[in-house]
Amino acid sequence: MNSVVCIKQVPDTETLIKIDGSGTGIVTDGVKWVMNAYDEFAVEEALKQKEKAGSGTVGIVSLGPDRAIEAIRTALAMGADTGVHIADADFYAKADPYATAAALAAAVKGLQFDALWVGKQAIDDDCGQVPAILGEMLGLPVVTMVIKFEAAGGKATVTREIEGGQAVLEVPLPAIFSAQKGLNEPRYASLPGIMKAKKKPVDVKKAADLGVSQAPMTTIKSMTLPPARQAGKKIEGDDAETKAKALAKALHDEAKVI
Amino acid sequence: MPGTLIVAEVQKGEIKKAAYEIASKAKAMGGEVAAVIVGSGVAALAPNLAKFGADKIFVVDAPDYKDYVTEAYVQAVAAVVDKVKPSVILVAASAQGKDLTPALAARLKVGSISDVVDLNLEGAKVVAKRPMYAGKAYVMVEAAADPQIISVRPNSFSAKEAAGAGAVENVAVALDASKIKIAVKSVEIAATKEPDQTEAEIIVSGGRGMKGPENFVMLEELAKVLGPTATTGASRAAVDAGWRGHSYQVGQTGKTVSPNLYIAAGISGAIQHLAGMGTSKVIVAINKDPEAPIFTKADFGVVDDLFKVIPALTAEVKAIKG
């Protein structure tokens, strides 16, 4: 079972967001960069499937500036075999989901895979579009929000999360899958894994080397922080029942939300 | 103003409220409002869209669309886009809408803007406001080309009745079956009428302070007395402990929500959680720990034992609602 996983390096979820001088991006000084949480599920599933099949490869592809190599090394330390780093800070800075997918699709085209995995969304820009665009560009079926995966006989049987429940689908391979939380428990990289990862091959390319010059289809005009919320009223009372009564009254009479 | 096409989603035999919200917004923007509704046995629902401003309603009704399959729905909507040639397409950013929107845009070889919370017209251009980092920041985004395809987060606009011309047209789409590679084996949807967290007007959420899965019944009871637009949620701590399924999780690796009322019970208020619910209209925090960060964001704070406050609150709401 051969898999390719597209990953993105993003700010850790603890990050306090500040807007930079350009007014369209964030201050990156002091940011702790990590592999996108949903991509960890994707990497884990690719590794699991390879182990289950007893043979195969797991390739990692990532678009990002030089620092993104760390996320690729993390995936290699988890057990992936090879990496492609589209190390192109200029292309990345302007890339929207469409341009990102174009670069990833070009890198993926030269690779052999049964399953192409992507996280369901990156937790920085939260667009969740890349899986679908990759499907269109590569002419492959796409199943998003996958929470269970089984492959056999050139087909995959997958369970995807839908509103209020789940659906079980059957899809011929190769196909594209986006990973949702619940799919698995991502492993940690072991110390020997980290040592081995340093020697695994990573192919470093620019977007132009892949023949990609896709202009973004959407542009961020400005970025703002949400208005700060102030602490409101403390509900006082002698006991929990009195406080509950006062709260219900405040929500009904004052806030008018119940 | 050039025309807008809205994609109206049907779930459990009804048009979703979020579809009326985007129809109302399209009507308010001006220009002709067209709507498309795709499904099996959905034709009778079409006139409802006229009440919320649809001038033309295109119905793609065939057994092929009984279950949602991305490729089939993309072909159906793309066929209507080809007829209407809208300059703006609005889709509700529900689970289905989030799957459909980028696939439709990619088919039409344009971009799309995800999970928008506000939009304004500047000439013929839509300027869309959307959250990033689960709501720690907001960006204004423009699309380079028509159709400008936008998925709109439920609860961002109110559904207002305003009659449109409401001409209904049935569209027979010749599906290219060779492209439909995915077969639906089974679909399991809970019978509950509870709205999804992203569409609920009230969310009663529980965190680590709930102490165990069995205690969430208490939150369900409170949600029940708060009415049919209320549902329950959970913090990451409660989900990671296995007390609630991931579909309940509110926050940066869960759902971003914006209800009228968010009640946080036993939730300390980690930065990832606050990002996911910070735009709720009214926030209530119930926590034993007066130092919990959630209190800095709450409109109403109750420092006390949630196991006493929640049942008392449930009884009180019941009394108020009569």
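Here we summarise the structure given alongside this text. Since the structure is predicted, the reported quantities are computational estimates derived from the model, not experimental observations.

With respect to the interface of chain B and chain A
Facing 83 residues of chain B, the contacting portion of chain A comprises 72 residues. Each partner contributes to the roughly 6,600 Å² buried at the junction of chain B and chain A, and carbon and sulfur atoms together form 58% of this total. Counting the surface chain B buries against chain A, the share from its top three residues, Tyr-133, Ile-182 and Phe-300 of chain B, is 10%. Counting every contact that joins chain B to chain A gives 7 salt bridges. One salt bridge in this structure joins Asp-304 of chain B and Lys-243 of chain A, with 3.0 Å as the shortest N-O distance. One can count 44 residue pairs in polar contact (both at pLDDT 80 or more) joining chain B with chain A.

Some words on the sheet that holds strand β9 (residues 165-172) of chain A
Within the open sheet, the 10 strands sit side by side as β11(A)-β5(A)-β4(A)-β1(A)-β6(A)-β10(A)-β7(A)-β8(A)-β9(A)-β13(B). Their pairing is mixed. With partners counted over all chains shown, the strands left at the sheet margins are β11 (202-205) of chain A together with β13 (183-189) of chain B, one partner each. For this sheet the average axis-to-axis angle between neighbouring strands, irrespective of direction, equals 25 degrees. In this structure, strand β7 (residues 142-152) of chain A lies alongside strand β8 (residues 155-162) of chain A, joined through 6 bridges in antiparallel fashion. Note that in β8 of chain A the partner of Lys-148 of chain A across the bridge is Thr-159 of chain A. Against the sheet, helix α4 (residues 97-109) of chain A touches β1 (3-7), β4 (58-64), β5 (82-87) and β6 (115-119) of chain A, its axis set at about 145 degrees to β4 of chain A.

Some points on the sheet that holds strand β10 (residues 137-143) of chain B
Strands sit in the order β12(A)-β10(B)-β9(B)-β8(B) across an open sheet of 4 strands; the sheet is antiparallel. Whereas interior strands pair on both sides, the edge strands pair on one side only; in this sheet they are β12 (218-224) of chain A together with β8 (118-122) of chain B. For this sheet the average axis-to-axis angle between neighbouring strands, irrespective of direction, equals 25 degrees. Bridge count for β12 of chain A against β10 of chain B is 6 bridges, and the pairing is antiparallel. Residue pairing across strands places Thr-218 of chain A opposite Ala-143 of chain B, the latter belonging to β10 of chain B.

What counts, and where the lines are drawn
- Residues numbered from 1 in each chain as written.
- Chains lettered and ligands numbered in written order.
- Predicted model: local features only at pLDDT ≥ 70, side-chain atom pairs only at ≥ 80, totals over all residues.
- Heavy atoms only, no water.
- Contact = heavy atoms within 4.5 Å.
- Buried area = accessible area lost by both parts, 1.4 Å probe.
- Salt bridge = Lys/Arg side-chain N within 4 Å of Asp/Glu carboxyl O.
- Polar contact = N/O pair within 3.5 Å; in protein donor to acceptor, adjacent residues only side chain to side chain.
- Pairing = 2+ DSSP bridges.
- Helix = DSSP H or I, 4+ residues; strand = E, 2+ residues; numbered from the N terminus.
- Axes fitted to C-alpha atoms, helices over the stretch in contact; angles between N-to-C directions.

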